[in-house]
Amino acid sequence: MEKDLRYSMLLQIYGKLLTEKQQEVVGLYYDYDLSLAEISENLGISRQAVLDSLRNACDSLRNYEEKLNILAKNQYLTAKIEKLKILTLEKNFEQIGKVLTELSENV
């Protein structure tokens, strides 16, 4: 299973919607970079159980994000804030106004 660090961010946002075991497995895999075998050994469950839990949790995290878009909105707002910081340093007030207008229309 190829690691997609996006799941670490999704876990921070939606983690409480998962079971405790799923939270633990996803955290160990993505946040602590443990292998499936290491997680299996640490939790005293089979490697297959770890894999199943991880797949189910990741499916749930993807579904929550598809429906709620919290991560996407956060990334959008973060990018706009960074752009505003740069424009402020450059004293580019015309562009600042455009970014603020875009934000007010899209948030």
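Keep in mind it's a predicted model, so treat the numbers as computed, not measured.

**Focus on the overall build of the protein chain**
1) Next: Tallying secondary structure elements over the protein chain gives six helices and zero strands in all.
2) Next: Its helices and strands taken in sequence order, the protein chain reads α-α-α-α-α-α from the N to the C terminus.
3) Next: For 107 residues, the compact-globule formula gives about 13 Å, and the C-alpha radius of gyration of the protein chain, at 19 Å, lies well above that figure.
4) Next: Expressed as lengths along the three principal axes of its C-alpha atoms, the size of the protein chain is roughly 60 × 25 × 20 Å.
5) Next: Among the 107 residues that make up the protein chain, the fraction classed as buried is 32%.
6) Next: About 7,200 Å² of surface is accessible on the protein chain, with carbon and sulfur atoms providing 52% of the total.

**Structural notes on the side chain of glutamine 22**
1) Next: Relative to the assigned elements, glutamine 22 resides in helix H2 (residues 20–31).
2) Next: Residues contacting glutamine 22, with those up to four places away along its chain left out, are Ser53, Asn56 and Ala57.

**Concerning the nonpolar core**
1) Next: Ranked by size, the top nonpolar core spans 21 residues in total, and within it Val26, Tyr30, Ile39, Leu54 and Leu61 carry the most contacts.
2) Next: Of all the secondary-structure elements, those providing two or more residues to this core are helix H1 (6–14), H2, helix H3 (36–43) and helix H4 (47–68).
3) Next: Considering each element in turn, this core owes the most residues, six residues, to H4.
4) Next: Counting five residues, the second-largest nonpolar core is a separate cluster that includes Leu84, Leu87, Val99 and Leu103.

**Digging into a nonpolar patch on the surface**
1) Next: Taken together, the side chains of Ile13, Leu68 and Ile70 define a hydrophobic patch exposed on the protein surface, amounting to about 220 Å² of accessible area.
2) Next: Exposure remark for leucine 68: the relative accessible area of 42% places this residue in the partly exposed category.

**Things to note about the packing of aromatic side chains**
When we look at a pair of aromatic rings, we describe it by the centre distance and by the angle of the planes.
1) Next: Within this structure, the stated rule accounts for three aromatic pairs.
2) Next: Aromatic pair tyrosine 29 and tyrosine 30: ring centres 4.9 Å apart, planes at 90°, arrangement edge-to-face.
3) Next: We classify tyrosine 29 as buried; its relative accessible area is 4%.
4) Next: Residue class for tyrosine 30 comes out buried when judged on its relative accessible area of 6%.
5) Next: A network of ring pairs unites the aromatic residues Tyr7, Tyr29 and Tyr30 as a single cluster.

**Quick notes on unusual backbone geometry**
1) Next: One non-glycine residue with positive phi stands out, namely aspartate 33, at about 55°.
2) Next: Topologically, aspartate 33 is positioned in the loop between H2 and H3.
3) Next: Of note in this structure, asparagine 69 is not a glycine but carries a positive phi near 55°.
4) Next: Looking at where asparagine 69 falls in the secondary structure, it is placed in the loop between H4 and helix H5 (70–90).
5) Next: Judged by relative accessible area, which is 33%, asparagine 69 ranks as partly exposed.

Conventions and cut-offs
- Residues numbered from 1 in each chain as written.
- Predicted model: local features only at pLDDT ≥ 70, side-chain atom pairs only at ≥ 80, totals over all residues.
- Heavy atoms only, no water.
- Helix = DSSP H or I, 4+ residues; strand = E, 2+ residues; numbered from the N terminus.
- Rg over C-alpha atoms; globule rule 2.2 N^0.38 Å.
- Buried < 20%, exposed > 50% of the residue type's maximum accessible area, 1.4 Å probe, protein only.
- Areas by Shrake-Rupley, 256 points an atom, 1.4 Å probe, with all protein chains shown as cover.
- Contact = heavy atoms within 4.5 Å.
- Core = buried A, V, L, I, M, F, W, Y, C linked by side-chain atoms within 4.5 Å.
- Patch = residues over 30% accessible without salt bridge, like charges linked within 9 Å, V, L, I, M, F, W, Y side chains within 5 Å.
- Salt bridge = Lys/Arg side-chain N within 4 Å of Asp/Glu carboxyl O.
- Phe/Tyr/Trp six-rings, centres within 6.5 Å; stacked < 30°, edge-to-face > 60°.

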